[in-house]
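# Architecture and fold: a report
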Amino acid sequence: MKHLAGIIGSPVAHSLSPVFQQAAFGACGLDAEYQRWETTPAVLPARVASLREARCLGANVTIPYKEQVIPLIDELGGQSARVGAVNTIVNRGGRLFGFNTDGPGFIAALRDEASFDVAGTDVLLSGAGGAARGIAFALAEAGAARIAIWNRTASRAARLAADVAGEARGEVVSLPAPPSEARYDLVVQTTSIGMEGGPDPTGVAAGLDGARQSALAVDIVYAPEDTPFLQAARRRGLRTLGGLPMLIHQGALAFELFTGVHAPLEVMFDAARQELARRSAGAAR
Ligand code: NAP
């Protein structure tokens, strides 16, 4: 029986997940197809219910449904209940289990691609949207000493800080203004600023003034791979990490939940980079 997985969201036409997940199935010799499941709100319940079929391994979930799928599944695993968002649904014998691999994928990317250990560090999170939520909970679990959250809409930063504070051993605060004191070991840009096709593709999100000279600056935006924020950080002499490693690591964790097979990370990176290069060559023509 050919197995099936896919990505549920809207829009999903440009998602990279089908590209690197299909490459991973192929590299591992699995007879499985990864599909794009463009989904309207009206068909979301039926789409999720279809994941219970025996041939279905599960699905990734993206904007705008990471919260809306929660009442449609049977159990929440990992940090998904605390984060309040599910990005991976796994079918186990007709029961649907929800996970959130965004935060763990982010921590894995820091560890594997930048040799950065979060434990005991002072972290600035710029942005307080859906991705920031998963990252903030994962930073707390990984033992950050202090997490400061700055967001354009202050109430959203305050809410996220309050939610994470209950889970963290360290201090979690929201900031009334972008930081000016260079005290942070890790600065994470989680807004859509700098994203191709986003609200401000050439902008540089606030936060870099808070970075110590030894800090790692991370932008979770992955299209383009080299963002204005990363370029600005490099001009300041900071070490940087882009968003592609987080994307691949969250996908690798999802792949392992779907299949029980160790994810072929290099194959997934190569497939995603080739697709990004193909798209930017197409855009340049
Ligand atoms: P979201 O829930 O819509 O949150 C968007 C965030 O960006 C909010 O903090 C929002 O602030 C801020 N923002 C948007 N436009 C802004 C502007 N013009 N000025 C200042 N702040 C602005 O989106 P999300 O799901 O968190 O995704 C955010 C970015 O992360 C996207 O580019 C997405 O592609 C990327 N991402 C990457 C990965 C990965 O694996 N690498 C995973 C998930 C997401 P307000 O609250 O004030 O509106």
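Note that the structure is predicted; figures quoted are calculated from it, not measured.

Right, let's get into helix α7 (residues 228-235). Within α7, burial applies to Pro 228, Phe 229, Leu 230, Ala 232 and Ala 233. Where α7 is buried, its residues contact β10 (184-189), β11 (211-219) and β12 (239-241). Positioned one or two residues after α7, Gly 237 has a phi angle of 85°, which is positive.

One finds Phe 106, Leu 110, Leu 139, Ile 149 and Leu 186 to be the most contacted residues of the largest nonpolar core, which totals 35 residues. It is helix α5 (residues 130-141) that contributes the most residues to this core, seven residues altogether. Residues lining this core come from more than one domain, with at least three contributed by each of domain 1 (3-100 + 245-284) and domain 2 (103-242). Apart from residues lying up to four places away in sequence, Phe 106 is in contact with Ile 135, Leu 139, Val 188, Val 218, Ile 220 and Met 246.

Close contacts around the ligand come from 22 residues, with Gly 130, Asn 151, Thr 153, Arg 156 and Ile 220 the closest. Contact distances for the ligand include 3.5 Å between an oxygen atom and a backbone N or O atom of Gly 129. Between the ligand and the protein, one listed contact pairs an oxygen atom with a side-chain N or O atom of Asn 151 at 2.7 Å. Considering the ligand on its own, with 920 Å² of exposed area, one finds that the protein chains cover 80% of that surface. Shared between two domains, the shell around the ligand takes at least three residues from each, and those domains are domain 1 (3-100 + 245-284) and domain 2 (103-242).

All right, on to the pattern of salt bridges then. Evaluated as defined, the whole model comprises 17 salt bridges. Asp 31 is the partner of Lys 2 in a salt bridge, and the nearest nitrogen-oxygen pair spans 3.2 Å. Remark: Asp 31 occurs in the loop between α1 (17-27) and β2 (32-38) and Lys 2 occurs in the segment before β1 (3-9); sequence separation between them is 29 residues. Take Lys 2: its relative accessible area is 43%, and that puts it in the partly exposed class. Residue Asp 31 is classed as partly exposed on the basis of its relative accessible area of 44%. For Asp 122, the salt bridge identified is with Arg 146, shortest N-O distance 3.7 Å. Of this pair, Asp 122 sits in strand β7 (residues 122-126) while Arg 146 sits in strand β8 (residues 146-150), placing them 24 residues apart in sequence.

Taken as a whole and judged by the stated rule, the model has zero disulfides. Cys 56 supplies the cysteine sulfur nearest to Cys 28, a cysteine that is in no disulfide, at a spacing of 18 Å. In this structure Cys 56 comes out as buried when scored by relative accessible area, which is 5%.

Here we take up α1. Within α1, the full set of buried residues consists of Ser 17, Pro 18, Phe 20, Gln 21, Ala 24 and Phe 25. Phi turns positive one or two residues past the end of α1, at Gly 29, with a value near 70°.

Let us look at the layout of surface pockets. One number sums up the size of the second largest pocket: a volume of about 190 Å³. Every residue along the wall of the second largest pocket is listed here: Gly 78, Gln 79, Phe 99, Asn 100, Thr 101, Pro 104, Ile 107, Ala 138, Glu 141, Ala 142, Leu 253 and Leu 257. Of all the secondary-structure elements, those providing two or more residues to the lining of the second largest pocket are α4 (102-114), α5 and α8 (244-259). Of the domains in this structure, domain 1 (3-100 + 245-284) and domain 2 (103-242) are the two that each give at least three residues to the lining of the second largest pocket.

This brings us to the domain arrangement of the protein chain. Often the size quoted for an interface is simply the accessible area lost on bringing the parts together. Looking at the assigned domains, one finds that the protein chain contains domain 1 (3-100 + 245-284) and domain 2 (103-242). For domain 1 and domain 2, the distance between their C-alpha centroids amounts to 24 Å. In this complex, domain 1 contributes 14 residues to the contact, which on the side of domain 2 involves 21 residues. Sorting the residues of domain 1 by area buried against domain 2 places Gln 79, Arg 82 and Met 246 first, and these three jointly supply 37% of that buried surface. Counting across the interface, domain 1 meets domain 2 through two salt bridges. Among the ionic pairs, Glu 167 bridges to Arg 82, the shortest N-O distance being 3.2 Å. The interface formed by domain 1 and domain 2 holds six residue pairs in polar contact (both at pLDDT 80 or more) in total. Listed by contribution, the elements that provide at least two residues to the side of domain 1 that touches domain 2 are α3 (80-83), α8 and α9 (265-284). For the side of domain 1 that touches domain 2, the per-class residue count stands at eight nonpolar, four polar and two charged.

Cut-off values and rules
- In this numbering scheme, every chain counts its residues from 1 along its sequence in written order.
- Restriction of local features to residues with pLDDT of at least 70 applies here, the model being predicted, together with a cutoff of 80 or more for giving and counting side-chain atom pairs; totals for whole chains, interfaces and linings are based on all residues.
- The basis for every side-chain value is the complete set of heavy atoms in the structure, and neither hydrogens nor water enter the calculation.
- Per-residue accessibility, obtained with a 1.4 Å probe over protein chains only, is compared with the maximum for each type, and a residue is labelled buried under 20%, exposed over 50%, and partly exposed between these values.
- Only DSSP runs of H or I reaching four residues or more are called helices, and only runs of E reaching two or more are called strands; each is numbered from the N terminus.
- What makes two residues a contact is simply this: any of their non-hydrogen atoms within 4.5 Å.
- In this text, buried Ala, Val, Leu, Ile, Met, Phe, Trp, Tyr and Cys residues form a nonpolar core when linked through side-chain atoms within 4.5 Å.
- In this document the domain limits rely on a domain assignment from an automatic tool or a database.
- Being near a molecule or strand, for a residue, comes down to having at least one heavy atom within 4 Å of it.
- Throughout this description, a polar contact denotes any pair of N or O atoms lying within 3.5 Å of each other; where both atoms belong to protein, one of them has to be capable of donating a hydrogen while the other can accept it, and for residues adjacent in sequence the pair is counted only when both atoms sit in side chains.
- Areas reported here follow the Shrake-Rupley algorithm with a probe of radius 1.4 Å; residue values treat only the protein chains shown as occluding.
- Here, a salt bridge means any side-chain nitrogen of Lys or Arg that lies within 4 Å of a carboxyl oxygen of Asp or Glu.
- Two cysteine sulfurs form a disulfide in these notes if their separation is within 2.5 Å.
- Only protein atoms enter the calculation, which uses a 1 Å grid: trapped sets of points that fit a 1.4 Å probe without letting it out are cavities, open sets showing protein on both sides within 12 Å along at least five of seven lines are pockets, and any residue with an atom within 4 Å of a point is a lining residue.
- Grid points are joined across faces, edges and corners, and a volume is the space filled by probe spheres set on the points.
- When two components associate, each loses some accessible surface as probed by a 1.4 Å sphere; the sum of these losses over both components is called the buried area.
- Think of it as three bins: nonpolar holds Ala, Val, Leu, Ile, Met, Phe, Trp, Tyr, Cys and Pro, charged holds Asp, Glu, Lys and Arg, and polar takes everything else, Gly as well.

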